[in-house]
Structures are given as C-alpha cells and as structure tokens.
Number of protein chains: 2
Amino acid sequence: MARIAPLSGFPEWLPDGRVVEQHVLDTLRRTFELHGFAGIETRAVEPLDQLLRKGETSKEVYVLRRLQAEGEEGQDRQLGLHFDLTVPFARYVLENAGRLTFPFKRYQIQKVWRGERPQDGRFREFVQADVDVVGAGELPYHYEVELPLVMADALGALADVGLPPVRILVNNRKVAEGFYRGLGLDDVEGVLRNIDKLDKIGPDAVAQALAAECGATPEQAKACLELAAISGADVGVVDRVRALAASYGAASDLLETGLAELGALIEAAAVRAPGVVVADLKIARGLDYYTGSVYETVLVGHESLGSICSGGRYDTLASDGKTAYPGVGLSIGVSRLVSRLLSAGLVAATRGVPTAALVAVVSEDQRAASDAVAAALRARGIPADVAPKAAKFGKQIQFADRRGIPFVWFPGSPDQVKDIRSGEQVEADASSWEPPAADWWPRVVPGA
Amino acid sequence: MARIAPLSGFPEWLPDGRVVEQHVLDTLRRTFELHGFAGIETRAVEPLDQLLRKGETSKEVYVLRRLQAEGEEGQDRQLGLHFDLTVPFARYVLENAGRLTFPFKRYQIQKVWRGERPQDGRFREFVQADVDVVGAGELPYHYEVELPLVMADALGALADVGLPPVRILVNNRKVAEGFYRGLGLDDVEGVLRNIDKLDKIGPDAVAQALAAECGATPEQAKACLELAAISGADVGVVDRVRALAASYGAASDLLETGLAELGALIEAAAVRAPGVVVADLKIARGLDYYTGSVYETVLVGHESLGSICSGGRYDTLASDGKTAYPGVGLSIGVSRLVSRLLSAGLVAATRGVPTAALVAVVSEDQRAASDAVAAALRARGIPADVAPKAAKFGKQIQFADRRGIPFVWFPGSPDQVKDIRSGEQVEADASSWEPPAADWWPRVVPGA
C-alpha cells in the first residue's frame, strides 16, 4: 500500500481524540434532546440542481460520478455531496411535510463536504451539529430567543471538560434594514455585505466601499459604521441604536420592530444565560436569506478561529408554492471546535480505550476462565478486555499500562484485582467488584 | 423547490424511525465498548487508486469531482467515497501504526456508498458497524472465536426490542482449501466462487460449473457438494468433515488445522452464545483475502434478506513492506437491518420526539414562567418542551398528543401535571417531579 499520507482538509483523530469528539457529540445530542429536538439524519447527497440554488456556494460542491457510469449519464440525476445541513433539511421538510408535525424541532449531526482550499479551521470534510425549528406558514418570534439559548446550554455543558466560555453575538436584520432604509440607503444587501468585512478590512475601507458600491454619502457611511460599533449585553443597546437613528433622522417602523425583538432576546438571555449573549450590531452574516435575528459565536480567547456556531431566522426555509416554511436555526462547526480543543491541548481523554479492566490470562488453556471473568464484568456494564497472550504478568500489566487501562484482573482462588497506578492489589469477585466511577469509562477532562 | 421525491437507494427515516436506528447504533456502540473496542471514524473519501486495489468492487465506486475544478485536474489526487470500512481502516492502521498499540481493537460505525442498482435490502448509501482486531505481525487464533461472539452479544442485546434471533454461520478457509487440495482441486478460489452460488443456482448448476470452470471430475464435484451440505451447531461437524475427507482420500495437514480451529470456535460458542453459532461448510464469502474463519449471519425468519453481518480472518489486512497486519473482523449492515425492522413492523418507537413533558403557556406574557419550568426539568435530565403558543389548553394538549408526549405541565399556584393518556392530573413541583422511567425517554419496543 503506497503513499500513505494524510489528506489535507480531511481531519481524522487517533482513538483518544475520538473519545473527545464523541464526548462533544454526545453532550450536544443530549442537550438538544433535553430541549425537545428530534434527531434526524438525511442522506449525504442531494440532486445537484438543488445544491446549486444558492449560487454563492456552487464552487464548493463535490459532484459524484459512478466510476462505471460512462454512457449511462442522463439516466441518473446528477448528485452532489451536501455542503451544509440546511439545504437537505429544507428538502426533508418538503418531502415529508404531510408526515411531520409543526412547529418541527429537529437536530442533525452529520458530516458535510466543501471543496474549499483547506486552511486552519477550514476543512473539506467536517461535522456540523444543527438545531432548527421550522413552522408551517408561521413561526412565533420567541423561537429566535430560544434557539441561541439552546446552543448556549449545549456549549455550556462542555465547560467542565475544558471548553472555554463562548460569546454568542446577536443582531437583527430588521434593525439593520430599518436603519439603512431610514438613512436613505436602499441597497440593504450591499451594505450588509460590506459591513460583514469590517473585521477584515477596517472601517476606512468599508466606508470607501459603501460609497463606491452602495452610493453612500460620507454621512451615510459614517452612520452605518457608528451602528456597527454598537454592542452590549444589556437592553441599553436598544436605546443607543434608537438615539443614533434619531440623530440621523433614520427612525422607521421596521427599525422599531427589530429593536423590540433584539431587546426581548437580550432581556431573556440575561436571565437564562447570563453573560453569554451580546448584541453586536456589526454582525451581518453573508447569506441573504436571513430575515430576523442573526447569530455568530466566538470561543473566548480563540476569536481568531472565527465563528463556531452561526445561524439566524429565515422567513422561507422552504416553500411548496402553497405553504412557506419559516425557520430559525444555528449550526455548530464541530470539527473546527474539536480540532482546536485537541491542537491547543484544552481537553484530554483519560484513556483511548473503553476498557476499565484487563483480565490477565494465566495460561492459554485457562483462557476460558479469563473470558468468563470478562463476561461477568461486562454483564454488569463494566468495559473489560482479556489479555491477548498468556505472557508473563509483567507483560500483561504493561499491555494495560500502555493503553491507560487502570485495572488488571488476575483469575485465581480467589481472584485479585490490581490498580496498576497505585500498585494496590486486592481480592475481588467478578460478580460484585466495581471500578471507581471516575475510572469506569474514559472521561474527557481539561488539558494539563 | 421542484421535484421533491425520494432518491432510490438512499434511505431516510422519519423521526420515529430514526429513534429506532439510533437505539440500534447506541446498543451496538455500547456492546463494542464493553468488549474493549475503541471507536474511530475515518474520512469518507480515499484516494481512488487505493479503493480500486480490489478490482472486484471497482464498478461500485462513487468518484468525486469539485464542480469548479475544470483545468485543475491533476493537482489533486482523485478521490472516491469509501464502499466499506475495511479499506479505510487498513489505511488508518498503516498511517498511524507508530501511534497505535497492537493488537488494536476498533469499532467503526459510518456510512458507506456503492453505486449499485438499488433493490430490496441493497442501498447506495448505508450505515455499517464494524469491529476488527488487527495485530502487528501476528494475531492469535482466539480472536477468531471472540469476534463473532462480540457480534452475537451486540445483536442479542437488541432481542428485547424485537430483533429476531440471529444465526451466525461459520466456516474456515483452511478446511475448504485443505479439502479441495486433498481432492486434487487446486483452483481453490474458483471452487469457492462457485460454491458461493449454491443457494442461488442449486447443486446441479454448481456441479456443472465446477466441471467447466475448475476442471472437476464428477466425483470431485460430488465431494465438494457433500462438504457444502454439512452443517451443525456442535463439534460433531468436525468428525463428519473428517470422515468425508477420509472417504475421498482427501485428508491433509491444512484440513486438520482448519478443523481444529473450527472445532474450537464451535465449542467456545456453545458455551458463550448457545444456539447462535452454527458451522456451515457452504459459507464461502466472495472475497479472496480471507485466510481462516469466515462468517455470515442471518436473521431467523428473514433469511431472504441475506447476510446482515459478515466477515472473516485475513492474514494481511495491510502491509507496509516490513510488517504485515493480520486481522479478523465482522461488519453489520445496519441500514439493511433497520430497514427490515421498520418495514416489517418488528419494532416501534414509543414516540418520535424526546420530550417527556410539554409545559403549557398560560398567556404569552407569562411564557417566561413556562420557560423556567422547562429549564428546571431539563436541569434534572428530563426532556421538556414549551408549547409554541398560548392557545387554549385543549389545543396545547392536542399538540402534545400528536407527538406522543405523555405529560402536559400547567404552571400555576401550585403547578399541575397531567398524564394525557389516563387524564390523571396532579399537583407537581418542577424541582422534584419525575416521569415514570418508562416515559422518561422514547423507547424502542417490539412492534404490535
């Protein structure tokens, strides 16, 4: 087997890294389920024409071809790998609308693929964890408050294993649109697209672009930049935006609607997830289908990683011509997160194998006795393995030690079990012995 | 969004079907971990040249192309989606050999893709659950006994939710090869390939093929068919094979080695998984890399579904030129299994949402009180949701009923909780109330 080398952009973990990733996935899933989200999984492929409906992402799609399909093209509709979980979810909702109940809350944890140039924190294959609520015809605003708090809960549940605090930055498209239109700037999408570049190119370059691309006067550009500079974790933010709008004569009903929504979100978040949610008026999100709240999330101390959890409200996730399906959702970039947790040594697994106890083998013709001990332990939920060979006990202990297995079991009359870290060895019975809770399964703990 | 229709060969489940699939996956994972297998996940793609090393499967591979990669071809190595988890595992072992400890026991539960014509039980995208043990240089025989017993344990753990009993059919390549060579038939692969068709085309057609393709005399063909007809769950099988070989003068050392191994497996299995493992001398397995035990598994009463769990021993899973990595493993076709469980109504989920209690909303301005109840329940691990609207209570109860949510919570002074199945309503406190264990999470139960 020639040329074995990692493929850039396709991350894989060693077993102890996988323990960390699995813990993250389990924690997210549990939190999503506690909040009443049903889990679904969609196929990895979608018809190419569906994937290309948003032109913007077209260049990232991996197209599939059956190796032996020459001459058969046209029989099958062209397929591509999904690049997010939103497009497949929208299709799933339409395909199954008659069999789902709305509002439908679902979580979905799957791999997605993008043919992008790989770089730090950007992969070609990665895992996303999404939550969305979708309504049939209507979806109450309160879900725009609930969804980021679900993510705050999910990410907060990882704090004890070493995940740094997160900050969820929120804005509202109605605020931005109301403000820009109030100023007399009608190319809302253009302004948002340029404001989105603020962190990258700085305020001066944004002001120039607003003038050049959106026809903004210097005063209009200044107002947009002043709005983008507003942020804060309390409802005082709303007053500051309102005062800014008034000073430019940019008040509008749409702005007021947006401010009421943003205020409600900030107020609820201050109670339910104190210190986590911050209004940040420069959050624009590139995608033009957001119509209300928008969210981005940074890992405190790792802001350069970019957003690890983003999303927003869209009035039309999907439509079958008769019914529109509005939704709100967020997506965690699990691989990006796990990759950073591992590479920065923020978290560690206590061991890379599940095994709590290795049962030694006295001699090969007594292997059945060791198998029976392991079976008795497993029957009580204790992960156990049997030594590969009836080698000298020192070798068998070494086998356990190399894998981080804390206990070695010696069948005999009576059986004994040794904690190979302390060296303590005691009599034990496979029908009643238990490892300490902390040793039972591999755990994920903050890095040293 | 036009033309929403399922894609043939790409199965998806509704939320309650996903509860069943998730339960199967969780049960397999737990059993594998109890047996000391470490979980890994490999990327979905491999270089095409690696995937095509076994010519046989080449026509099933999905090749990837970046949509905007015209003119860039040649910069990237061509990639395809993996069609099993064995090829990627072999590559992972070689790539990480220096960082793994051997024997390395791993499980891997992932999707695989094959561009085959879809039919009942055959999908283009499906989930496999694999366990393998791989050694560096050597791997003791006892793992060939252990691995099918792990699968017996894993599948047995699903009996209580309605999985029919399984029968694991085992054979040993050394027995077959020793017997054929003893007869004077040296095209072992050719004979195996034809014996593999026995169930499909019957003994007469196989005898003709053995004559035509492998140069077998009528007596040699008869002997092969007599061997293939032997099966049984006790070591008497070994004696019958030995007697048959003697009657044809086909005894050999290789045959004896194989019979000793097969006998040891049958003997251990009779103790550890009584009634599950059956020696069946017609089991051939198409793939030519097996060198010892081979396994297939049928669901009793659903034999037409084909094997749901197959595998075997291979002396060279991978090799880096210096070290060969022998292994033994089996793979469960999870999608095939789940698809049958659902379509035949063998199992059912008690509900399709995680929610145990829906908290009613008295009026929209009191929504925060309902949110607080839900938060208190979730903090104690009880999945809870809040009604989408402060509608009439009857409507809110209906919302729960449609989803199979068993309890509706009414905030008040004091709070009350109603079991909407019995109608019983009692006072309750969100800091102490618990649902009955059977209602806590959705469960998977035998179908009606």
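Here the residue index of a chain counts from 1 through its sequence in written order. Chain letters and ligand numbers both follow the written order, the letters beginning at A and the numbers at 1. Residues qualify for local features only when their pLDDT is at least 70, as the model is predicted, and side-chain atom pairs are given and counted only at 80 or more; totals for whole chains, interfaces and linings, by contrast, use all residues. Working from all heavy atoms in the structure, the side-chain values ignore hydrogens and water.

(A) Just the sheet that holds strand 18 (residues 425–427) of chain A, in detail. All names here are of chain A. Pairing between strands is defined by DSSP: at least two bridges between the two strands are required. Numbering of helices and strands runs from the N terminus, with a helix taken as a DSSP run of H or I at least four residues long and a strand as a DSSP run of E at least two residues long. Here we have 5 strands laid out as an open sheet, ordered 15-14-16-17-18, and mixed in their pairing. The two strands at the open ends of the sheet, each matched to only one other strand, are strand 15 (384–386) and strand 18. When the angles between neighbouring strand axes are averaged without regard to direction, this sheet yields 25°. The pairing of strand 14 (residues 357–359) with strand 16 (residues 407–410) spans 3 bridges and is parallel. Counted as the bridge partner of Ala-357 is Phe-407 from strand 16. Residue contacts follow a heavy-atom distance rule, with two residues in contact if any of their heavy atoms lie within 4.5 Å. Throughout, an axis means a line fitted to C-alpha atoms (over the contacting stretch in the case of helices), and angles, computed between N-to-C directions, take values from 0 to 180 degrees. Each of strand 14, strand 15 and strand 16 touches helix 12 (residues 367–379); the most contacted strand, strand 15, lies at about 170° to it.

(B) Looking closely at helix 1 (residues 15–34) of chain B. All names here are of chain B. Here the expected length of a helix is defined as 1.5 Å per residue gap, with one fewer gap than residues. Here helix 1 spans 28 Å end to end across 20 residues, near enough to the 28 Å set by a 1.5 Å rise per residue. Taken across its 20 residues, helix 1 has 16 buried, putting it largely inside the fold. Just downstream of helix 1 lies Gly-36, where phi reads positive at about 85°. Relative accessibility thresholds used throughout: buried, under 20% of the residue-type maximum; exposed, over 50%; partly exposed, between the two (1.4 Å probe, protein chains only).

(C) Expanded view of the domain arrangement of chain A. Residue and element names in this part refer to chain A. As used throughout, domain bounds are those supplied by an automatic or database domain assignment. By domain assignment, chain A separates into domain 1 (8–66 + 73–161 + 311–349), domain 2 (166–299) and domain 3 (357–446). In this structure, domain 1 and domain 2 have C-alpha centres spaced 26 Å apart. With 18 residues of domain 1 at the contact, the number on the domain 2 side is 23 residues. In this assembly, domain 1 packs against domain 2 so that about 1,800 Å² is buried in total across both faces, 68% of it on carbon and sulfur atoms. Summed over both partners, the accessible area (1.4 Å probe) lost when two parts come together is defined as the buried area. When residues of domain 1 are sorted by the area they lose upon contact with domain 2, Tyr-141, Leu-149 and Gly-311 head the list and together hold 28% of the total. Only one rule defines a salt bridge in this text: a Lys or Arg side-chain nitrogen within 4 Å of an Asp or Glu carboxyl oxygen. Between the two partners, domain 1 and domain 2, sit 0 salt bridges. Residues adjacent in sequence count toward polar contacts only when both atoms are side-chain atoms; beyond that, a polar contact is any pair of N or O atoms within 3.5 Å, and within protein one must be able to donate a hydrogen and the other to accept it. The tally of links between domain 1 and domain 2 comes to 7 residue pairs in polar contact (both at pLDDT 80 or more).

(D) Structural view of the side chain of His-35 of chain B. For His-35 of chain B, the position within the fold is in the loop between helix 1 and strand 1 (38–39). Only 3.2 Å separates the side chain of His-35 of chain B from the side chain of Arg-378 of chain A, close enough to count as a polar contact. Setting aside anything within four residues of it in sequence, one finds His-35 of chain B in contact with Arg-378, Ala-384 and Asp-385 of chain A together with Lys-105, Val-150 and Asp-153 of chain B.

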